Amino acid sequence: SLGLAATVHAADAPIAAKPVKFDVVIKGGTIYPGDAAPFRGDVAISGDRIVYVGPNARGRAAKVIDAQGLIVAPGFIDPHTHAGDALASSDPAARLVLPFLTQGVTTAFIGVDGGGSAEIAKTLGIGSAAGAKRDQGINFASYVGFGAIRSAVIGNANRAPTSAELEQMKRLVGKAMCEGALGLSTGLFYAPQSFAKRDEVVALASVAARNGGIYDSHIRDEASYSIGLLGAVDETLAIGREADIPVHFAHIKALGVDVAGLAPAVIAKIEAAQAAGQTVTADQYPWSASGTRLSAALMPRWAQDGGREAMLERINDPVTMDKLRPEIVDNLRRRGGASAILITSGPPRFSGKTLQTIARELNIDPVDAAMAVLRQDEVGIASFNQNENDIAAFMRRPWVVTSSDASEGHPRYYASFARKYAIYVQQRKVIDLRTFIAASTIRTARMFGLDGRGELKAGAFADVIAFDPARFAPRADYAHPALFSDGMKLVIVNGQFAIENASPTGEAAGRPLPRTPKLASCPVP
């Protein structure tokens, strides 16, 4: 049962007593407005705005879409993606970002894990620094990345910044915030960001805080690599308190055999912080396998000091390799072993195979197999390391929203929202449909201050989707990661049809979403 509401909220009552003219009416669907109860009715659009949501839109429409039997919802919002390259591509087809649109994602965030460029105006394509204008298929916002800034100022060295370097980094964060960055993102698990101490991160997060930003973090340890999962949660909360900035945990998880079952302890820490007045939220992708680089998963951070070239010199030095081997063996163990690591990108001879399979084919042990792969290229991996009970525990929390962490070679790019619906709503019933819609739309919009997005109501931007509840499902899997999802019948972005009758239209109606600077002293981009 869809649990339809018998009445419509007063705010959604008809906007006019006499017939009016609409551009589009989506008629007779089961409407999930965001966080309100569902009901059967119509959504009317004029220009780039929704002008009516309720029963029986009275008026003439240039186009009527029959949505009977379909779920009509706000466009999904994905707060953690690696789609920046697609959005900046010289290929107009890539800029449509069809892997997202075919799941109903109409808005995405980039610049995550500390990778966001400090040149936010250029990234978003706004102002005099934008360069050539390019049309995108989805709306998008961007963080400024700690890693990008640290690398630009310090390089890949394992050292603290000088006072002058820290001031330069702070200026870059301030400039990015003035140009519309969402906030500061970090990937403290990754070298060279992992070389930074907490006070350095707090100094930059404080700059973002003064301009109304958010601190978004791939925390220092989601497993047991360094300070441990619970220690990293404590550090992230402390950064938020010391910088006086809202904290957002990127792709929240308990990663690996050493921390399986720790989701309740993580939840308790976060909810204690919330009870004490701290603003803390998180996003989550619905997959048991994470995605990262092989070096990030297996190589100790000291071995990455100085970048890839320095790492390869250490691998190729027998004495240093003897010191590395026990740590790599332990990292393999905490990730679940060589059979739990799937190569997803890189040389064709390795891609699509587990590290265990590669070791067997080369007739060497898994550590030597990993080094053989790394000598050829820095490859992407899917690492099967999460416990389904932990995934479900995080998913049920009202402060955890849907994301994809979309990256090439992992099916999460093409199928995260479809999978969450098909597996966790329909099959396993971890959450219900209304919770799924809310966690994929309005909750995210409210967390990040996206006014006019994430809900179906008069005055909101016309980002609207309609999907078949019996057919909406992923086709992509780990063996075939680049297959579009099924069942998304209609996607409208800012009033324009991006998907119609389940087929892409080629329309690129997405918009950059710069955050409005809080400081009056900010220069105009």
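Values in this document were obtained by computation on a predicted structure and should not be read as measured data.

Looking at the packing of aromatic side chains
For step 1, the next point in the chain: By the definition in use, this model includes 15 aromatic pairs.
For step 2, the next point in the chain: Where phenylalanine 189 meets tyrosine 190, the ring centres are 5.3 Å apart and the plane angle is 75 degrees; that geometry is what we call edge-to-face. Both residues of the pair, phenylalanine 189 and tyrosine 190, belong to the buried class.
For step 3, the next point in the chain: With centroids separated by 5.1 Å and ring planes inclined at 70 degrees, the aromatic side chains of phenylalanine 189 and tyrosine 225 adopt a geometry described as edge-to-face. Taken as a pair, phenylalanine 189 in the loop between strand E10 (183-187) and helix H7 (198-210) and tyrosine 225 in the loop between strand E11 (214-218) and helix H8 (228-243) lie far apart in primary sequence, 36 residues in all.
For step 4, the next point in the chain: Each member of the aromatic cluster is reached from another via a ring pair, and the members are Phe76, Phe417, Tyr421, Phe436, Phe467 and Phe472.
For step 5, the next point in the chain: It is arginine 412 that lies over the ring of tyrosine 285; its NZ or CZ is 5.0 Å from the centre.
For step 6, the next point in the chain: The ring of tryptophan 287 carries arginine 419 above its face, with NZ or CZ at 4.6 Å from the centroid.

Details of empty space enclosed by the protein
Any empty space left between the atoms is revealed when a probe the size of a water molecule rolls over them.
For step 1, the next point in the chain: Scanning the model with the defined rule gives 2 cavities of 30 Å³ or more in all.
For step 2, the next point in the chain: As a volume, the largest cavity reaches approximately 50 Å³.
For step 3, the next point in the chain: Forming the walls of the largest cavity are Ile214, Pro246, Val247, His248, Thr279, Thr281, Met447 and Phe448.
For step 4, the next point in the chain: Among the secondary structure elements, those contributing two or more residues to the lining of the largest cavity are strand E12 (247-249) and helix H18 (442-448).
For step 5, the next point in the chain: Class assignment for the residues of the lining of the largest cavity results in 5 nonpolar, 3 polar and no charged.
For step 6, the next point in the chain: Lining the second largest cavity, in full, are Ile219, Glu222, Leu229, Val233, Phe249, Ala250, Ile252, Lys253 and Val266.
For step 7, the next point in the chain: Of the residues assigned to the lining of the second largest cavity, the class counts are 7 nonpolar, no polar and 2 charged.

Comments concerning helix H5 (residues 146-153)
For step 1, the next point in the chain: Among all positions of H5, only Phe146, Gly147, Ile149, Arg150 and Val153 are buried. Along H5, the residues classed as buried sweep out an arc of 165 degrees about the axis, all on the same side.
For step 2, the next point in the chain: In this fold, the buried residues of H5 make contact with strand E9 (144-145), helix H6 (163-178), E10 and H7.
For step 3, the next point in the chain: At the C-terminal side of H5, glycine 155 shows a positive phi close to 90 degrees.

Side note on the nonpolar core
For step 1, the next point in the chain: Counting residues in each nonpolar core, the largest one holds 96 residues, and the members touching the most others are Phe76, Phe249 and Phe467.
For step 2, the next point in the chain: Counting residues per element, this core draws most heavily on helix H16 (residues 412-427), which supplies 9 residues.
For step 3, the next point in the chain: Among all residues touching phenylalanine 467, those that are not within four sequence positions of it are Leu70, Ile71, Phe76, Tyr421, Leu433, Ile437, Phe472, Gly487, Met488 and Lys489.
For step 4, the next point in the chain: Judged by nonpolar contacts, the second largest core, of 27 residues, contains Ile315, Ile343, Val373 and Val379.

Some points on the packing of H5 against H6
For step 1, the next point in the chain: One way to put it is that H5 packs onto H6 with a least axis distance of 10 Å and a crossing angle of 140 degrees. Judged by the angle between their axes, H5 and H6 are oblique. In the crossing of H5 with H6, the sense of the turn from one axis to the other is right-handed. Residues Phe146, Ile149, Arg150 and Val153 of H5 form the contact with H6, whose own contacting residues are Glu165, Gln168, Met169, Leu172 and Val173.
For step 2, the next point in the chain: Across the contact of H5 with H6, the residue classes break down as 6 nonpolar, 1 polar and 2 charged.

Focus: the layout of surface pockets
For step 1, the next point in the chain: One number sums up the size of the second largest pocket: a volume of about 280 Å³.
For step 2, the next point in the chain: Lining the second largest pocket we find 16 residues, and of these Ser194, Tyr225, Ser226, Pro300 and Arg301 sit closest to its centre.
For step 3, the next point in the chain: In the lining of the second largest pocket, the residues fall into 7 nonpolar, 4 polar and 5 charged.

Focus: the sheet that holds E12
For step 1, the next point in the chain: Pairing within the open sheet is parallel, and its 6 strands lie in the order E9-E10-E11-E12-E13-E17. Looking at which strands have only one partner, the edges of the open sheet turn out to be E9 and strand E17 (400-402).
For step 2, the next point in the chain: The pairing of E11 with E12 spans 3 bridges and is parallel. By the bridge assignment, tyrosine 215 is partnered in E12 with valine 247.

A word on the side chain of aspartate 390
For step 1, the next point in the chain: Mapped onto the secondary structure, aspartate 390 falls in helix H15 (residues 388-395).
For step 2, the next point in the chain: Despite its burial, aspartate 390 remains without a salt bridge, the nearest opposite charge being carried by arginine 396 at 9.8 Å.
For step 3, the next point in the chain: At 3.2 Å, the side chain of aspartate 390 forms a polar contact with the backbone nitrogen of alanine 263.
For step 4, the next point in the chain: When residues no more than four places from it in sequence are discounted, the contact partners of aspartate 390 are Ala254, Val259, Ala260, Gly261, Leu262, Ala263 and Pro264.

Reading the values: rules and limits
- Residues numbered from 1 in each chain as written.
- Predicted model: local features only at pLDDT ≥ 70, side-chain atom pairs only at ≥ 80, totals over all residues.
- Heavy atoms only, no water.
- Phe/Tyr/Trp six-rings, centres within 6.5 Å; stacked < 30°, edge-to-face > 60°.
- Buried < 20%, exposed > 50% of the residue type's maximum accessible area, 1.4 Å probe, protein only.
- Helix = DSSP H or I, 4+ residues; strand = E, 2+ residues; numbered from the N terminus.
- Lys NZ or Arg CZ within 6 Å of the ring centre and 35° of its normal.
- 1 Å grid on protein atoms, 1.4 Å probe; cavity = no way out; pocket = protein on both sides within 12 Å on 5 of 7 lines; lining within 4 Å.
- Points joined across faces, edges and corners; volume = space filled by probe spheres on them.
- Nonpolar A, V, L, I, M, F, W, Y, C, P; charged D, E, K, R; others polar.
- Arc of directions from axis to C-beta.
- Contact = heavy atoms within 4.5 Å.
- Core = buried A, V, L, I, M, F, W, Y, C linked by side-chain atoms within 4.5 Å.
- Axes fitted to C-alpha atoms, helices over the stretch in contact; angles between N-to-C directions.
- Parallel < 35°, antiparallel > 145°, perpendicular 65-115°, else oblique.
- Left-handed = near helix turned anticlockwise from the far one by under 90°.
- Pairing = 2+ DSSP bridges.
- Lys, Arg positive; Asp, Glu negative; His and termini not counted.
- Salt bridge = Lys/Arg side-chain N within 4 Å of Asp/Glu carboxyl O.
- Polar contact = N/O pair within 3.5 Å; in protein donor to acceptor, adjacent residues only side chain to side chain.

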